[in-house]
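# Remarks on the overall topology
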Amino acid sequence: MLTKELIRCRLDGGQLRPRFVDPDHEVLQHDAARLLAVYRASPAPTRGEIEDAAAGIAATSPDPVLCRGLDKLLADRCEFGTPAAMDYEARRVAVFRAAGAVLRGGPPADPEAYRAAVMAAAALPTGPEDDLYADLPENERLRHFRDLGPRQLLERYNVALVQALLLRSTHLEAVIGTAEPSRLRRLLKYLRFFRLLARLTPVTAAPEPPTWRLHVDGPASILAETRRYGLQLASFFPALCALETWSLETEVEWQGRPRRLRLDQGAGLVSHYRHFSAYVPEDIRLFHRHFRETVRDWQVTGETPFLRGSGQEMIFPDLSFRHGDGTVLHLELFHRWHAGPLLERLQWLSRRPEEPLILGVDQVLARDEAVAAALEQAACFQQRGFLFRDYPTVAKTLKALERTRGGLGPGARG
């Protein structure tokens, strides 16, 4: 993510205008290629070498802020190796003491002889000088870099500008359109996998290509862990701009005041999300595998349908399960930021006990005073709900499925 000082945007009548770049601009592609060459260098550079080289390129660039922003995105794609397990501080102390002893005996004739004498007195093997300081961050060596081309880097930068602004947003209001239901489902799966809850309502329906209104709370409206939530929302944005038709409206805290940000597909933003499976979090992968290996009577279904909520709102559960007798139940998860939507869902489910829905609630959220009182009073949660920590366990999910199945009777359909 771009940090605040790297965001290039301007104010136009109180509205924020991100300063997007042209990915085909030859000069910009040249600077991007120069930066990429630093990360591709062989032998693999250290963190300090990369920072020095990138700073030199930024100093000679016609747009140093842009150059530093591109470098930040490249640095985020790096994995640096930690040094070998040894006590580097003790190693340095031994060398410094040995150096003092050697000097007290009279300085050696040349630097190489001096160095060899010090290492011998310290009983250490000779090696590169930076071996003594390999534990310092600037000496960590690049182990893996997720490469990309200059044009891709500039496209990624444009998306990153919007993501950086969303870190400071009060909400995200989007209108989305797609003629392919599978693309809408994929968008909502990204939403759920980034642990965000949205209000989804139809704007138009068939026979026209349907459009939907999507409302997601922003980090500026969340009382706790706003940075973590903001990162989740920003991570979701590339899935939104992958649609053929979309528009976005939000307010961003900028220069001490809320500023309006409006964007649509005309901005030419290119999503880098290609393969959905690559973005499924590890805890979800483990849940699927553990459920498949340990549960016989139930299975996780491949498709999760929409459920009609209050008014025109559509509910998109996280997971759906089918029992061997045909019973289908759906699971909706409420994470630590979802107090408002959870209270609404409890009221809705208390009026609709026939709905094939079970609820999982994060323990952190359940510690909220209002939420704790609502959970205790809600008979629907006592019957078909459970608490989890970070992500549900198979055991708790299975218990809720069996309790709810018993209450609904066999053959329930979602």
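This report concerns the structure included in the present document. (Residues numbered from 1 in each chain as written. Predicted model: local features only at pLDDT ≥ 70, side-chain atom pairs only at ≥ 80, totals over all residues. Heavy atoms only, no water.)

If you check the start of helix α5 (residues 111-121), you find a side-chain oxygen 2.7 Å away from the backbone N of Ala 113, and it comes from Asp 110. Remark: Ala 123 follows α5 within two positions and exhibits a positive phi of approximately 60°. (Polar contact = N/O pair within 3.5 Å; in protein donor to acceptor, adjacent residues only side chain to side chain. Helix = DSSP H or I, 4+ residues; strand = E, 2+ residues; numbered from the N terminus.)

Now for the packing of helix α7 (residues 181-193) against helix α8 (residues 226-240). One way to put it is that α7 packs onto α8 with a least axis distance of 9 Å and a crossing angle of 170°. As the angle between them shows, α7 and α8 are arranged roughly antiparallel. For the pair α7 and α8, the contacting residues are Leu 187, Tyr 190 and Leu 191 in the first and Phe 236, Ala 239 and Leu 240 in the second. For the contact of α7 with α8, a count of residues per class yields 6 nonpolar, no polar and no charged. (Axes fitted to C-alpha atoms, helices over the stretch in contact; angles between N-to-C directions. Parallel < 35°, antiparallel > 145°, perpendicular 65-115°, else oblique. Contact = heavy atoms within 4.5 Å. Nonpolar A, V, L, I, M, F, W, Y, C, P; charged D, E, K, R; others polar.)

So, about a negative patch on the surface. On the surface, a cluster of negative charge is contributed by Glu 49, Glu 51, Asp 52 and Glu 138. Along the chain, the position of Glu 49 falls in helix α2 (residues 47-59). Relative accessible area serves as the criterion here: at 43%, Glu 49 is assigned to the partly exposed category. (Patch = residues over 30% accessible without salt bridge, like charges linked within 9 Å, V, L, I, M, F, W, Y side chains within 5 Å. Areas by Shrake-Rupley, 256 points an atom, 1.4 Å probe, with all protein chains shown as cover. Salt bridge = Lys/Arg side-chain N within 4 Å of Asp/Glu carboxyl O. Lys, Arg positive; Asp, Glu negative; His and termini not counted. Charge placed at Lys NZ, Arg CZ, Asp CG, Glu CD. Buried < 20%, exposed > 50% of the residue type's maximum accessible area, 1.4 Å probe, protein only.)

It is worth spelling out the packing of aromatic side chains at this point. Tallying each qualifying case throughout the model produces 11 aromatic pairs. For the pair Tyr 190 and Phe 194, a centre-to-centre distance of 6.4 Å together with 15° between the ring planes defines the contact as stacked. In this pair, the class of Tyr 190 matches that of Phe 194, namely buried. Note that Arg 47 overlies the ring of Phe 80, its terminal NZ or CZ placed 4.0 Å from the centroid. (Phe/Tyr/Trp six-rings, centres within 6.5 Å; stacked < 30°, edge-to-face > 60°. Lys NZ or Arg CZ within 6 Å of the ring centre and 35° of its normal.)

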